[in-house]
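Geometric and topological summary
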Amino acid sequence: MAARRRGFTLVELLVVISIIGLLAGLTASVVIGAAKKRLVVKTMGRINQIKLAIDQFRLENNQYPWDLPVDDVTPPVIIFTDVAKELNPSNTELAGNVVYNIMKRDYISFSNSGSLKEIDANGKVVDPWGIEYEIYWNMQLDKFVIWSLGPDAVDDTSDDLQGAGDGSYGDDITTMH
């Protein structure tokens, strides 16, 4: 009678280790993709909140919380931190002075509590990737565009989302109102 051997062969161990490695790699890619998607969804939600706060400000104050362009030549880039201070004047972490919000009413809150870091060390309101939001005034449509450069923090690249109100998608996370 032949002696029974105990344990696994080297081939069996390598097969099991290969399968575990493959499953770990697949799981990691799914988790990383879900985390990126969560930040994109969070940013779109925040942009919509900012848009609503600007709309509410305009309804109550009969103007936007920034100077409108005086010429039709150059579309202005509006410094978002200045707008943020107008929308959330009670926040002492924000940089800038309140000019248009005479009643000093808060239309939105920006926070640095817990994992939500919306204000950087310079008092600027930033997206989840640490880049300041941007607002552009579209003079042709008489509308503003709120912009986040997205995960790669680079304008006009292929891995972000863009919705500029014209159905085009390419690069950045935007909303037009």
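Everything discussed here concerns the structure shown above.
A brief look at the structure comes next.

Conventions and cut-offs
Residues numbered from 1 in each chain as written. Predicted model: local features only at pLDDT ≥ 70, side-chain atom pairs only at ≥ 80, totals over all residues. Heavy atoms only, no water. Salt bridge = Lys/Arg side-chain N within 4 Å of Asp/Glu carboxyl O. Helix = DSSP H or I, 4+ residues; strand = E, 2+ residues; numbered from the N terminus. Buried < 20%, exposed > 50% of the residue type's maximum accessible area, 1.4 Å probe, protein only. Pairing = 2+ DSSP bridges. Phe/Tyr/Trp six-rings, centres within 6.5 Å; stacked < 30°, edge-to-face > 60°. Axes fitted to C-alpha atoms, helices over the stretch in contact; angles between N-to-C directions. Parallel < 35°, antiparallel > 145°, perpendicular 65-115°, else oblique. Left-handed = near helix turned anticlockwise from the far one by under 90°. Contact = heavy atoms within 4.5 Å. Nonpolar A, V, L, I, M, F, W, Y, C, P; charged D, E, K, R; others polar.

1. Focus: the pattern of salt bridges
- Within the structure shown, the criterion is met by two salt bridges.
- The shortest N-O distance in the salt bridge between Glu118 and Arg46 comes to 2.6 Å. Of the two residues, Glu118 is situated in the loop between helix H2 (80-87) and strand E2 (134-138) and Arg46 in helix H1 (residues 10-61); the sequence distance between them amounts to 72 residues. Pair check on accessibility: Glu118 and Arg46 agree, each one buried.

2. Looking at the pairing of E2
- Relative to E2, strand E1 (residues 77-79) runs antiparallel, the two sharing three bridges. Bridged to Ile78 within E2 is Ile135.
- Bridge count between E2 and strand E3 (residues 143-148): five bridges; the pairing is antiparallel. Looking at E3, one finds that Asn138 is bridged to Lys143.

3. Digging into the packing of aromatic side chains
- Here the structure, examined in full by the defined rule, presents six aromatic pairs.
- On the numbers, 5.0 Å between centres and 5° between planes, the contact of Tyr64 with Trp66 is stacked.
- In this structure Trp66 comes out as buried when scored by relative accessible area, which is 6%.
- Seen from their ring centres, Tyr64 and Phe144 are 5.7 Å apart, and the 80° between their planes marks the pair as edge-to-face. In this pair, Tyr64 is assigned in the loop between H1 and E1 and Phe144 in strand E3, connecting sequence segments 80 residues apart. For the pair shown, Tyr64 and Phe144 are each scored as buried.
- Site record: aromatic cluster; members linked through ring pairs are Tyr64, Trp66 and Phe144.

4. A look at the packing of H1 against H2
- For the pair H1 and H2, the least separation of the axes is 11 Å and the interaxial angle reads 60°. In this view, H1 runs oblique relative to H2, as classed from their interaxial angle. Of the two possible hands of crossing, H1 and H2 adopt the one that is left-handed. Packed against H1, whose contacting residues are Ile50, Ala53, Ile54 and Phe57, the element H2 presents Phe80, Val83, Glu86 and Leu87 at the interface.
- Looking at side-chain class alone, the contact of H1 with H2 contains seven nonpolar, no polar and one charged residues.

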